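Chain by chain, the residues:
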Amino acid sequence: LDTTDPVVVIEATINDEPGPYLVRIQSTVNYDAANEGWINNALCIMSDDAGNRDTLVSAGSGTYLTQSIQGVVGRTYTLQVVADGQQYLHTSYLNAPVAIDTLIVESGLSPFSQEEIILVSSYFTEPPTQEDYYRMVFSVRGKPYIGGVSDFELIDDPNSQDPVSLFRNFRS
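Residues numbered from 1 in each chain as written. Predicted model: local features only at pLDDT ≥ 70, side-chain atom pairs only at ≥ 80, totals over all residues. Heavy atoms only, no water.

**Looking at the pattern of salt bridges**
At step 1: A full pass over the atoms with the stated rule returns 1 salt bridge.
At step 2: Between Asp 48 and Arg 75 there is a salt bridge whose closest N-O contact spans 3.3 Å. With Asp 48 in strand 3 (residues 43-48) and Arg 75 in the loop between strand 6 (63-65) and strand 7 (76-83), this residue pair connects regions lying 27 residues apart in the sequence. (Salt bridge = Lys/Arg side-chain N within 4 Å of Asp/Glu carboxyl O. Helix = DSSP H or I, 4+ residues; strand = E, 2+ residues; numbered from the N terminus.)

**Regarding a nonpolar patch on the surface**
At step 1: Taken together, Ile 100, Leu 103 and Val 105 make up a surface patch of nonpolar side chains, about 300 Å² in accessible area.
At step 2: Mapped onto the elements, Leu 103 comes out in strand 9 (residues 102-109).
At step 3: With a relative accessible area of 55%, Leu 103 lands in the exposed category. (Patch = residues over 30% accessible without salt bridge, like charges linked within 9 Å, V, L, I, M, F, W, Y side chains within 5 Å. Areas by Shrake-Rupley, 256 points an atom, 1.4 Å probe, with all protein chains shown as cover. Buried < 20%, exposed > 50% of the residue type's maximum accessible area, 1.4 Å probe, protein only.)

**Notes on the pairing of strand 3**
A regular strand places its side chains so that they alternate between the two faces of the sheet.
At step 1: In terms of burial, strand 3 is largely enclosed, as 5 of its 6 residues are buried.
At step 2: With 3 bridges connecting them, strand 3 and strand 4 (residues 53-55) associate as antiparallel partners. What sits directly across from Met 46, in strand 4, is Asp 54.
At step 3: Hairpin connection, strand 3 to strand 4: the antiparallel pair is bridged by 4 residues, and Gly 51 has positive phi, about 95°. (Pairing = 2+ DSSP bridges.)

**Things to note about the sheet that holds strand 5 (residues 57-60)**
At step 1: Reading across the sheet, the 4 strands line up as 1-2-6-5 and stay open at both edges, with antiparallel pairing between neighbours. On the outer flanks of this sheet lie strand 1 (8-12) and strand 5, each paired with one strand and no other. On average, each strand axis in the sheet is inclined to that of its neighbour by 25°, with strand direction left out of account.
At step 2: For strand 5 and strand 6, the ladder comprises 3 bridges, and the chain directions are antiparallel. (Axes fitted to C-alpha atoms, helices over the stretch in contact; angles between N-to-C directions.)

**Observations concerning unusual backbone geometry**
Peptide bonds are, in most cases, trans, and in most cases residues other than glycine have a negative phi.
At step 1: The omega torsion across Gly 19 and Pro 20 is 10°, close enough to zero to call that bond cis.
At step 2: Of note, Ser 61 is a non-glycine position whose phi angle comes to about 50°, a positive value.
At step 3: Mapping Ser 61 onto the fold places it in the loop between strand 5 and strand 6.
At step 4: Even without glycine at this site, Asp 84 takes up a positive phi of about 50°.
At step 5: Looking at the secondary structure, you find Asp 84 in the loop between strand 7 and strand 8 (86-93).
At step 6: By relative accessible area, which is 56% here, Asp 84 ends up exposed.

**What to know about the nonpolar core**
At step 1: Within the largest apolar cluster, 16 residues are counted, with the highest numbers of intra-cluster contacts made by Val 23, Ile 25, Ala 42, Cys 44, Tyr 64 and Val 81.
At step 2: Counting only elements with at least two residues in this core, the list comes to strand 2 (22-27), strand 3 and strand 7.
At step 3: Ranked by residue count, the leading element in this core is strand 7, at 4 residues.
At step 4: With residues near it in sequence (within four places) discarded, Ile 25 still touches Val 8, Val 9, Ile 10, Gly 37, Trp 38, Ile 39, Ala 42, Cys 44, Gly 62, Tyr 64 and Val 81. (Core = buried A, V, L, I, M, F, W, Y, C linked by side-chain atoms within 4.5 Å. Contact = heavy atoms within 4.5 Å.)

**Thoughts on the pairing of strand 2**
At step 1: Of the two faces of strand 2, the one lined by Val 23, Ile 25 and Ser 27 is fully buried and the one lined by Leu 22, Arg 24 and Gln 26 carries no buried residue.
At step 2: Note that strand 1 and strand 2 share 5 bridges and pair antiparallel. Counted as the bridge partner of Val 8 is Ser 27 from strand 2.
At step 3: Strand direction decides the pairing type here: strand 2 and strand 6, joined by 3 bridges, are antiparallel. Counterpart to Val 23 in the pairing with strand 6 is Tyr 64.

**Structural notes on the sheet that holds strand 4**
At step 1: As summarised here, the arrangement of the 4 strands in space is 4-3-7-8, forming an open sheet in which the pairing is antiparallel. The sheet is open, and its two borders are formed by strand 4 and strand 8, each paired with just one other strand. For this sheet, the mean angle separating the axes of adjacent strands, direction not counted, is 15°.
At step 2: As judged from the 8 bridges shared by strand 7 and strand 8, these two strands associate in the antiparallel manner. Residue pairing for strand 8: Thr 76 is matched across the bridge by Tyr 93.

Here it is in structure tokens:
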């Protein structure tokens, strides 16, 4: 595989549930690299448009945790990261959560492999006046489910005004 110059990757989440919220910072590494590229010596500051400011603490493995800031719907949040001598700045608005109207869980057979699968469908009405990004997190007995995800599809229902159907199909 070809080698490439490293790129800093920053992943952050904030919501309206109690923190701490986390930020992960990693540098891309070549396929055969001995390390995972975690950046543990960055400066991370999260602030909001109400004047709150929080300097995050390192928890190791490229993970940084907030100490005091609280996510509030309707506020704008800014994340400032200084890593490897470069400054990164991003601003994001915290939209209200979208309520799931219906959740359906079904089992069946994959049409491709004939393996048993579980089909999870969630239905909700998307607010028409805001730009949205949806993050679906699946948990099994309270722990994030990572393995076996095989398909994710967003379907806009043409038979109603704004409902959106999210559909995720993963191996059981």
